[in-house]
Amino acid sequence: MSRGQPYGPRPGSSPAGPGRRTESQDYLLLGSGLCEESLLPPYAYYPARGTENRLALRRQTILREKGRRLANRGPAYMFNDRSTSLSLDEERFLDAAEYGNIPVIRKMLEECTSLNVNCVDYMGQNALQLAVANEHLEITELLLKKENLSRVGDALLLAISKGYIRIVEAILNHPAFAEGKRLALSPSQSEFQHDDFYAYDEDGTRFSHDVTPIILAAHCHEYEIVHTLLRKGARIERPHDYFCKCSECSEKQKHDSFSHSRSRINAYKGLASPAYLSLSSEDPVMTALELSNELAVLANIEKEFKNDYKKLSMQCKDFVVGLLDLCRNTEEVEAILNGDVEISHSSGERGRPSLSSLKLAIKYEVKKLGRIMRGPFMKFVAHAASFTIFLGLLVMNASDRFEGTKLLPNETRTDNAKQLFRMKTSSFSWMEMLIISWVIGMIWSECKEIWSQGPKEYLFELWNMLDFGMLAIFAASFIARFMAFWHASRAQGIADANPGAPLDSKTQYYTFARINWDPFDPQIISEGLYAIAVVLSFSRIAYILPANESFGPLQISLGRTVKDIFKFMVIFIMVFVAFMIGMFNLYSYYRGAKQNEAFTTVEESFKTLFWAIFGLSEVKSVVINYRHKFIENIGYVLYGVYNVTMVIVLLNMLIAMINSSFQEIEDDADVEWKFARAKLWFSYFEEGRTLPVPFNLVPSPKSLLYLLLRIKKWISKVFPCHKKGFQEDAEMNKLGQSKQSSIRSADDLHLDSLSNPPRQYQKIMKRLIKRYVLKAQTDKESDEVNEGELKEIKQDISSLRYELLEEKSHNTEDLAELIRKLGEKLLIEPRAEERRS
């Protein structure tokens, strides 16, 4: 380079332009020293010259460079007021950390004792954060060796979010994490530590202020990082119940309810993460199913985050299904469905697995599990045949009236002269006695089911509600019929006690024909209730339809349609009642002055509007016989608006809802049908209910054995034995230990594995979890965008570039030193010859 242009830019570079910022970093390598008094301008190589001139030119160049940076960054400088006070050393220190200039960072940390390693750039990020963000592991390790380093927690969160495993491990080796307490604290909780551990994220700058490292790692599905943090003792604390009134929850709710809700959902996102479920739980299947149900309940409570909770609930279900898809033999399938094959095998009942996990899966509607179900077919056939016979009895009970009753309502008929007419009509036939026996057997079966499941679980199933209603109506019908028969028997006894005497009015009532009976006679009530119960009995056939592949989806669509109708009824009733009361108020004063009685009473108003939906009401219902055209015109308008609203708008909206529901079922008909069939088969997997109705009324030997065991247990409680009591206490202690939280520390698990070898169930779950983690990591690697890999390569090239420039600088210095020595030697030799001569 000529002396005429001592400060010109290097060839191939420009003072300004798109590549300006990257190229400007070369000046960091060309100075002989790195402190403020020895740095050279960035654009040229300078030979030796005067110190004052060199410093002046350097300051001028640095100011020009800083001005260009300010122009490029623009308004972003408002983020941090301290950035304007950065010294020249701090500017270069941050740039070196950002671009991976390892030699400069190393020399500045060693030689510049006054350097503030916690200085921040215009965005408030220090050198550690810049190095972590650009995945400079060596620079991160150099910075972590410095004392009083701030924002270590911010750097850890940043490394976790980007998935930089080696950097995470390096940061976790920092003394700040020696005791492990910092891992359990979020940025908001670290505010009380009065340090700069989370100075950047304590107000939620990059991450939510309530996110801990383990929660963030779980959110990002970083399996290796989650495993590392779990080994360090980090755990995700389960949020308190939504209605918790403890001082902590009350204070958070009062201070900022929205932030409190966000912190809860962030914690649940971590708990529902497949990475956390896989690595933190001894029984991930049961944990995932229970968490799925909890999230589904929260979706109905916290309406603002309903979709988020539903998504997390589905994520837990997909995790269980994913484990099931990785099973390779029957033993592994049983481990997932039973919960613990070791216990089920030790019980000696290999033919009847417990299926505890499957019970939860069906209860919480993990529909994809329905694909693997097989059921006890003979048990199903026996109960289905019993119910079919019951329906046949209901039909045969009315067979004598198929062609019309032989006894007209105004007629009476008895078997003998002394018999009262009601004794003949209220007595039970043998067919009805069979029906009663079937009903009693079904009631006994439902009582056993309520006892085994509990009232809450029993009412959770809608088919149980139908059964309960049907049997309750049957029971009420038979009770009313029995009351009618009892009253008729008393009247018959009075008549038999006084033969030939005239009957009193009460006794004579039981000789009347049907048309003269009281409207609320017990027999009339019994017949009405019986008719309703028969309809419900035949509707119960829909319960067994999922066993058939053709009728199953139709039954599911019908059930969904019923739900849509109930939703629609809210709007329907509101509109219907509004027009019913309005039309009644309009025409109630014109009773007897209309062509019919429509709208003159509330009852007539209800009938007219109801049948108008089906086109069975006439337009003359609004016509008045007198010349009150104003009222009549209002009636026409209201009646017309009602028909348009109900028939055209609401009914078509109901049809659209039904069509949408049917299409949803049709789109996933196979899974929906198999899940419904699995629920049906599963009801016959339960212990007991072997004999169908009405044979279940006969005590079985097993029932007698259970009764004896219960009596023995009751006697043992009344007359306790000390030794047995100690044994029971020991068993209860073991049971309590087994029911503790499934999430335990890795150290505890390691100690347990040393003292107690793992059971077969634990071995199976470990195999499945390994497969799941490997599959998740493989899927993640295949789904990653090439942009991240290119950025990593770019950072490596940048670091290599600075290392090569440093080596070039050293070589240049060595060459200059050799030239100087050679020049000195060449000057010394002529002088020596001159002296000799």
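Notes on the structure in this doc start here. Just so you know, these numbers come straight off a predicted model, no measurement behind them. (Residues numbered from 1 in each chain as written. Predicted model: local features only at pLDDT ≥ 70, side-chain atom pairs only at ≥ 80, totals over all residues. Heavy atoms only, no water.)

**Observations concerning the nonpolar core**
In plain terms, the rule: Among buried residues, the Ala, Val, Leu, Ile, Met, Phe, Trp, Tyr and Cys ones that are joined through side-chain atoms within 4.5 Å form a nonpolar core. Exposure categories follow from relative accessible area, calculated using a 1.4 Å probe and restricted to protein chains: below 20% of the type maximum is buried, above 50% is exposed, and the middle band is partly exposed. Numbering of helices and strands runs from the N terminus; a helix is a DSSP stretch of H or I covering at least four residues, while a strand is a stretch of E covering at least two.
Ranked by internal contacts, the top residues of the largest apolar core, which has 91 residues, are Phe93, Ile171, Ile214, Leu229 and Leu323. Per element, the largest residue contribution to this core is 8 residues, and it comes from helix H33 (residues 760-783). Counting residues in each nonpolar core, the second largest holds 24 residues, with Met580, Ala598, Val622 and Leu650 among its members.

**Regarding the packing of helix H19 (residues 377-397) against helix H21 (residues 430-453)**
Put simply, the test is: Axes here refer to lines fitted to C-alpha atoms; in helices the fit is confined to the stretch in contact. Angles between the N-to-C directions go from 0 to 180 degrees. Note on convention: near helix rotated counterclockwise from far helix by under a right angle means a left-handed crossing. Clockwise means right-handed. Any two residues whose heavy atoms approach within 4.5 Å are treated as being in contact. Charged means Asp, Glu, Lys or Arg here, nonpolar means Ala, Val, Leu, Ile, Met, Phe, Trp, Tyr, Cys or Pro, and polar covers whatever is left, Gly included.
Between H19 and H21, whose axes approach to 10 Å, the crossing angle comes to 145°. By crossing handedness, the relation of H19 to H21 is classed as left-handed. Residues Ser386, Ile389, Phe390, Leu393, Leu394, Met396 and Asn397 of H19 form the contact with H21, whose own contacting residues are Met431, Glu432, Leu434, Ile435, Trp438, Val439 and Met442. Its residues assigned to classes, the contact of H19 with H21 shows 11 nonpolar, 2 polar and 1 charged.

**Description of unusual backbone geometry**
In this chain, Val693 is followed by Pro694 through a cis amide linkage whose omega measures 0°. With respect to the secondary-structure elements, Pro694 resides in the loop between helix H29 (669-682) and helix H30 (701-718). Unlike most non-glycine residues, Glu135 shows phi in positive territory, near 60°. Given a relative accessible area of 29%, Glu135 falls into the partly exposed group.

**A closer look at a nonpolar patch on the surface**
Our working definition: Patches were defined on residues exceeding 30% relative accessible area and lacking a salt bridge, with like-charge contacts within 9 Å and nonpolar side-chain contacts (Val, Leu, Ile, Met, Phe, Trp, Tyr) within 5 Å. Each accessible area is a Shrake-Rupley estimate made with a 1.4 Å probe; only the visible protein chains count as cover when residues are assessed. Salt bridge, as used here, is a side-chain nitrogen of Lys or Arg placed within 4 Å of a carboxyl oxygen of Asp or Glu.
Side chains of Leu704, Leu707, Leu708, Ile711, Trp714, Ile715, Val718 and Phe719 sit close together on the surface and give an oily, nonpolar patch of about 840 Å² of accessible area. Structurally, Ile711 can be placed in helix H30.

**Comments concerning helix H7 (residues 152-162)**
By the criterion of burial, H7 is predominantly enclosed, with 9 of the 11 residues buried. On its buried side, H7 packs onto helix H5 (127-133), helix H8 (165-172), helix H9 (213-219) and helix H10 (223-231). Looking one or two residues beyond H7, the residue adopting positive phi is Gly163, at roughly 75°.

**Observations concerning the environment of Phe421**
Counting through the fold element by element, Phe421 comes out in helix H20 (residues 421-426). When the C-alpha positions of Phe421 and Arg514 are compared, they lie 9.8 Å apart, and in sequence the two are 93 residues distant. Leaving out residues up to four positions away in the same chain, Phe421 has contacts with Leu407, Glu411, Thr412, Arg413, Thr414, Tyr510, Thr511, Phe512, Ala513 and Trp517.

Note that all results are geometric; they support no functional claim without further evidence.
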